[in-house]
Amino acid sequence: MARHPEWFTVLVLLAIALMLFAPVVAQSDGLIYPPRGDFSDLTITHWPNIEFAVSSFRANSRLPLWRPTIMSGTPFAANPLSGLHYFPHAIFLILPLAIGFTVLFVTHVWLTGCGAYALLCTWQVGRPAAFVGALTWMATPKLFAHLGAGHVGLVESIAWLPWAVLATHRLTEHRRVIDAVWLGAVWAMQFLADPRISFYSVALTVSYLVFRLGVSYIDHRNTLKSAMGGAWKALLPVGVFAVLGAMLWLPFWEFIAQSNRGALTLAEAGEWSLPLHHLVGLLIADWGGSHEWMVYVGVLPLVLAIVGCMRSEQEAEDRRRNLFASCFLPLAWVVALLFALGTNGPLFPLLFRIVPGLTLLRVPPRAWFIVAFATACLCAFGVEAMTRNAQSARKPHGWLTLAGVALALFALLFGLGGFLMLQSNAQASSARAAMLHMALVVPASIAVVLLRAHGRIGARGFAVGAAAVIVATLLPVDWSLYRVVPEARAFSDHADVAAWLAAQGKPGTFRVYSPSYSLPQHVAQRAGLELADGVEPMQLASYARLMQAATGARASGYSVTIPPFPPSSDVRTALRDVTPDARLLGKLNVRYVVAEFPMKVAGLVEREHLGTTFVYEDQSAMPRAFVGNGTAAHMTVYTPDRVVVEAEGPGTLTLSQVYYPGWRATVDGQGKPIQVVDSALMGVSLDAGHHVVEFVFDPWTVKIGVIVSALGWISLTVGWLALRLSSSVLRQKGQAWNPVDK
């Protein structure tokens with residue numbers, strides 16, 4: 001019975017998660033898209049990756065390590081966005097993809113809410129206040145803005161943030177091996193979901209670790225030696241993370257060395273830096289706004305966060321907790337805000353030059369997740385401060401009450417005035433919604449705080465009222481940040497073009513290139529087509545250079561697409577004046593070029609005109625495998641990681657697929673060194689006669705990484721089960737159980 005309230009809270013948080021996703025839960029085949037965008041990373045990247053992995057596993061009884069479907073072949077197991085390494089993705093083996101993504105989104109938002117609640121309770125925040133803080137965090141608009149953009153891995157990774165902080169707190173509080181292992185495991189889960197977000201989590205948790213050690217030294221521990229006692233356990237999570245995450249970080253490190261991602265300039269890394277004027281979004285919700293520049297956290301959470309800081313300084317019942325609320329969280333809030341400003345502030349350029357590895361990190365506004373998390377935690381401290389010792393608490397000064405009432409009236413009049421003055425049309429709909437939202441939310445938030453401050457409502461009523469206002473504040477904003485598109489509509493984009501191309505030959509016999517993104521990756525994946533172009537943040541530098549020569553599209557800097565498109569341009573027509581090299585495209589096995597504009601290029605012949613799309617055949621297209629200058633070789637086996645070719649020598653057999661370390665070749669069963677042909681493709685030299693050539697992708701980094709991680713996760717699971725069994729046995733004997741403390 002004692003655990004019932006906790007389980008009840010967990011179920012309420014689940015209900016809130018379902019409510020936050022009500023539009024997509026109500027439509028089983030729906031996919032989340034940005035509110036006003038035509039493209040989503042969900043369908044550009046994550047859906048094709050998962051579909052490719054699942055279909056390959058079902059066809060070959062193994063997960064693919066190489067992906068031949070985009071960019072003429074690219075490492076798959078080394079790519080953090082592949083989704084191969086994150087265990088919850090196993091649900092796609094049993095669920096349709098659209099339903100699977102919805103289940104993942106709901107469970108991760110629920111997971112992060114439960115983690116925030118557990119963390120706040122551990123910080124000795126009362127249950128009502130902890131519930132309000134958890135609710136604020138799981139409904140933060142920043143999270144739903146990125147969901148709308150289709151950033152699946154990012155959302156999965158950030159969901160573990162409260163659990164990482166909780167593990168860090170337990171480690172600093174008890175200094176037990178089991179807590180260090182737990183922290184390393186949470187870091188690994190975040191890294192396996194999305195390494196980019198794990199950077200922010202590790203930065204926050206390490207900072208908290210240092211802070212707690214410092215407080216221990218300054219507080220009641222009188223020597224540095226005693227304060228640092230057992231500090232070696234603080235290094236144990238690094239080792240645990242290295243073992244559990246080896247299956248990704250080891251091949252990923254090799255991939256980085258071959259990619260064009262490792263040499264970003266400050267301007268490239270600082271892309272989408274948060275403009276200073278967007279900080280007004282702290283008070284006025286950016287209705288349906290940009291995911292990278294979404295800064296709204298809710299008016300009431302912001303007010304309660306300020307109260308939490310101020311009250312923690314006044315109360316001295318728990319010095320370490322108050323230090324955390326009044327010092328560490330506000331400091332983390334400020335540092336994360338400065339980092340999010342990117343090149344618009346001083347911090348990011350400084351760290352970019354001195355912190356190793358930061359050159360790999362793009363889009364600094366994602367640090368705003370730390371701001372949102374700190375706000376939610378401080379909000380809980382504010383609720384706790386206003387519900388504790390109500391009779392002895394001092395009432396606010398009269399001028400504070402007058403200022404609050406004046407601010408509420410101003411927000412009401414300003415918001416209603418803006419709502420009425422703005423024209424009622426599609427262009428102004430978001431601004432009108434934001435004005436009306438402000439007119440209602442700010443007065444309601446101030447009213448709840450003032451009523452409690454003057455003792456007009458009780459502690460329980462205040463907590464319920466605060467939760468209700470926060471839900472009413474954040475829920476409509478969250479819903480404005482995504483829309484639900486039926487799967488059939490999402491896959492209708494140029495489906496007729498994909499069907500026509502698929503009918504022209506077997507998969508693996510030719511590639512398609514589009515200078516206008518006329519063949520979206522998810523549509524091509526479903527049709528079984530392979531592309532020479534693609535959208536992928538991690539690109540092989542050798543292939544990017546080759547494609548610049550083949551497509552004629554020159555990159556002015558780092559680009560996530562091949563071919564690169566000019567910033568803020570219409571991808572459908574941006575390259576209409578660029579002339580590709582049909583001969584080089586032909587060497588890449590490109591038989592068809594698909595464009596949204598007419599092309600007059602030597603070697604390209606128009607074959608079909610479907611709607612607005614022109615389909616051209618490349619007369620110089622080479623076979624997927626050929627000897628010398630174009631004698632076709634016969635492919636007898638074609639899978640993602642293994643290609644078998646029968647060819648007649650003498651000459652160089654070229655496989656029109658990008659070379660990467662880990663590929664090895666045998667000729668008639670004997671090992672043969674692979675030559676790099678045309679700066680990027682694979683080839684082997686053949687003597688005269690008939691030969692059977694086998695290409696196999698079997699990188700040592702993947703093998704070693706998987707073995708190390710598998711042993712680590714198995715050991716972790718066995719150890720956890722053994723501890724659970726031991727605790728059960730000891731409880732039956734009536735003895736106290738203490739986890740590993742050495």
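Each remark here, short or long, concerns the structure printed above.
A. Region of the structure containing the overall build of the protein. For the protein, the helix and strand inventory stands at 27 helices and 18 strands. Since a compact globule built from 742 residues should have a radius of gyration of about 27 Å, the 29 Å found for the protein is in line with a globular shape. Seen through its C-alpha atoms, the protein measures out along the principal axes to roughly 95 × 70 × 45 Å. With 742 residues in all, the protein has 55% of them scored as buried. The contacts in the protein between residues at least 6 apart in sequence include a share of 73% that link residues at least 24 apart. Total accessible area on the protein is roughly 30,900 Å²; 64% of this is exposed by carbon and sulfur atoms.

B. Quick look at the pattern of salt bridges. Taken as a whole and judged by the stated rule, the model has 16 salt bridges. Across the pair Arg 362 and Glu 271 runs a salt bridge, and its minimum N-O distance is 2.1 Å. One end of the pair, Arg 362, is in the loop between α17 (347-354) and α18 (368-387); the other, Glu 271, is in the loop between α14 (266-269) and α15 (299-314), and 91 residues separate them in sequence. The class of Arg 362 is buried, set by a relative accessible area of 15%. With a shortest N-O distance of 2.7 Å, Glu 487 and Arg 526 are connected by a salt bridge. Placement of the pair is Glu 487 in helix α22 (residues 487-490) and Arg 526 in helix α24 (residues 521-527), with a sequence separation of 39 residues. Owing to a relative accessible area of 18%, Glu 487 belongs among the buried residues under this scheme. Taken together, the shared-partner salt bridges connect Arg 170, Arg 176 and Asp 179 into one network.

C. Focus on the sheet that holds strand β8 (residues 590-595). Across the sheet, 4 strands lie side by side as β5-β8-β10-β9; this open sheet has mixed pairing. Of all strands in the sheet, those bounded by a partner on one side alone are β5 (511-513) and β9 (604-610). Across the sheet, the mean angle from the axis of one strand to that of its neighbour is 30°, orientation sign disregarded. Pairing geometry for β8 and strand β10 (residues 613-618), over 4 bridges, is antiparallel.

D. Main features of unusual backbone geometry. Here the bond from Ile 562 into Pro 563 is cis, since omega is 0°, no more than 30 degrees from zero. With an omega dihedral of 5°, the bond running from Gly 649 to Pro 650 counts as a cis peptide bond. Notably, Asn 589 is not glycine yet its phi reads approximately 70°, a positive angle. Examined against the element boundaries, Asn 589 turns out to sit in the loop between α26 (582-587) and β8. A relative accessible area of 2% places Asn 589 in the buried class. Even without being glycine, Asp 678 reaches a positive phi, approximately 55°. Turning to its location among the elements, Asp 678 is positioned in the loop between β17 (675-677) and β18 (681-697). By relative accessible area, which is 32% here, Asp 678 ends up partly exposed.

E. Representation of the nonpolar core within the structure. Counting residues in each nonpolar core, the largest one holds 223 residues, and the members touching the most others are Phe 21, Leu 653 and Phe 695. Of all the elements, α18 adds the most residues to this core, at 15 residues. In this structure Leu 653 touches Ala 625, Phe 626, Val 627, Ala 633, Val 645, Ala 647, Met 682, Gly 683, Val 684, Leu 686, Val 693 and Phe 695, once residues within four positions along its chain are discounted. One finds Tyr 517, Val 535, Ala 553 and Val 571 within the second-largest nonpolar core, a separate group that totals 7 residues.

F. Representation of empty space enclosed by the protein within the structure. A full pass over the atoms with the stated rule returns 7 cavities of 30 Å³ or more. Contributing elements (two or more residues each) for the lining of the largest cavity: α3 (41-60), α7 (152-158) and α9 (177-193). Here the lining of the largest cavity is composed, by residue class, of 8 nonpolar, 6 polar and 1 charged.

G. Here's a closer look at the pairing of strand β14 (residues 642-658). Of the strand pairs in this sheet, strand β11 (residues 625-627) and β14 are connected by 3 bridges, and their pairing is antiparallel. Pairing of Ala 625 across the sheet is with Leu 655, part of β14. Taken together, the 5 bridges between strand β13 (residues 634-639) and β14 define a ladder with antiparallel strand orientation. The residue bridging Tyr 638 from the neighbouring strand is Val 643, located in β14. The turn joining β13 and β14, which pair antiparallel and follow one another in sequence, is formed by 2 residues.

H. Structural detail: the side chain of Thr 168. Looking at the secondary structure, you find Thr 168 in helix α8 (residues 161-174). Not counting residues up to four positions away in its chain, the partners in contact with Thr 168 are Leu 183, Thr 205, Tyr 208 and Leu 209.

I. How the structure looks around the packing of aromatic side chains. Under the defined criterion, the tally for this structure stands at 33 aromatic pairs. Seen from their ring centres, Phe 39 and Tyr 517 are 5.4 Å apart, and the 75° between their planes marks the pair as edge-to-face. Taken together, the residues Phe 39 in the loop between β1 (30-33) and α3 and Tyr 517 in the loop between β5 and α24 connect sequence positions 478 residues apart. Taken together, the ring pairs connect Phe 21, Phe 92, Phe 101, Phe 105, Phe 144 and Tyr 482 into an aromatic cluster. When the ring centre of Phe 369 is taken as origin, the NZ or CZ atom of Lys 142, which lies over that ring, is 5.8 Å away. Looking at Arg 526, its charged tip hangs above the ring of Phe 491, at a distance of 3.8 Å from the centre.

J. Region of the structure containing the environment of Ala 180. Residue placement: Ala 180 occurs in helix α9. On the basis of relative accessible area, Ala 180 is assigned to the buried category, the value being 0%. In the structure, Ala 180 is positioned 16 residues away from Arg 196 in sequence and 22 Å away in space, judged by C-alpha atoms.

K. Structural detail: the side chain of Ser 40. As for its placement among the helices and strands, Ser 40 is situated in the loop between β1 and α3. From its side chain, Ser 40 meets the backbone nitrogen of Leu 42 in a polar contact 3.1 Å long. Leave out the neighbours within four places in its chain, and Ser 40 touches Ile 32, Tyr 33, Pro 34, Gly 148, Ala 149 and Gly 150.

L. Quick look at α3. The first and last C-alpha atoms of α3 sit 27 Å apart over 20 residues, in line with the 28 Å expected at 1.5 Å per residue. The sharpest bend along α3 comes to roughly 35°, located at Trp 47, with the proline Pro 48 sitting one to four residues further on. One side-chain oxygen of the residue at the start of α3 lies 3.1 Å from the amide nitrogen of Leu 42, identifying that residue as Ser 40. Once α3 finishes, Ser 61 follows within two positions and takes phi at roughly 60°, a positive value.

M. Representation of the packing of helix α4 (residues 97-122) against α8. Where α4 meets α8, the closest approach of the two axes is 8 Å, and the angle between their N-to-C directions is 25°. What the angle tells us is that α4 and α8 run roughly parallel. The interaxial crossing formed by α4 with α8 has left-handed handedness. Each of Leu 111, Thr 112, Cys 114, Gly 115, Ala 116, Ala 118, Leu 119 and Thr 122 in α4 lies in contact with α8, whose residues at this interface are Pro 162, Trp 163, Val 165, Leu 166 and His 169.

Calculation notes
Residues numbered from 1 in each chain as written. Predicted model: local features only at pLDDT ≥ 70, side-chain atom pairs only at ≥ 80, totals over all residues. Heavy atoms only, no water. Helix = DSSP H or I, 4+ residues; strand = E, 2+ residues; numbered from the N terminus. Rg over C-alpha atoms; globule rule 2.2 N^0.38 Å. Buried < 20%, exposed > 50% of the residue type's maximum accessible area, 1.4 Å probe, protein only. Contact = heavy atoms within 4.5 Å. Areas by Shrake-Rupley, 256 points an atom, 1.4 Å probe, with all protein chains shown as cover. Salt bridge = Lys/Arg side-chain N within 4 Å of Asp/Glu carboxyl O. Pairing = 2+ DSSP bridges. Axes fitted to C-alpha atoms, helices over the stretch in contact; angles between N-to-C directions. Core = buried A, V, L, I, M, F, W, Y, C linked by side-chain atoms within 4.5 Å. 1 Å grid on protein atoms, 1.4 Å probe; cavity = no way out; pocket = protein on both sides within 12 Å on 5 of 7 lines; lining within 4 Å. Points joined across faces, edges and corners; volume = space filled by probe spheres on them. Nonpolar A, V, L, I, M, F, W, Y, C, P; charged D, E, K, R; others polar. Phe/Tyr/Trp six-rings, centres within 6.5 Å; stacked < 30°, edge-to-face > 60°. Lys NZ or Arg CZ within 6 Å of the ring centre and 35° of its normal. Polar contact = N/O pair within 3.5 Å; in protein donor to acceptor, adjacent residues only side chain to side chain. Expected span 1.5 Å × (residues − 1). Bend = angle between axes of the 7 residues up to and from the residue. Parallel < 35°, antiparallel > 145°, perpendicular 65-115°, else oblique. Left-handed = near helix turned anticlockwise from the far one by under 90°.

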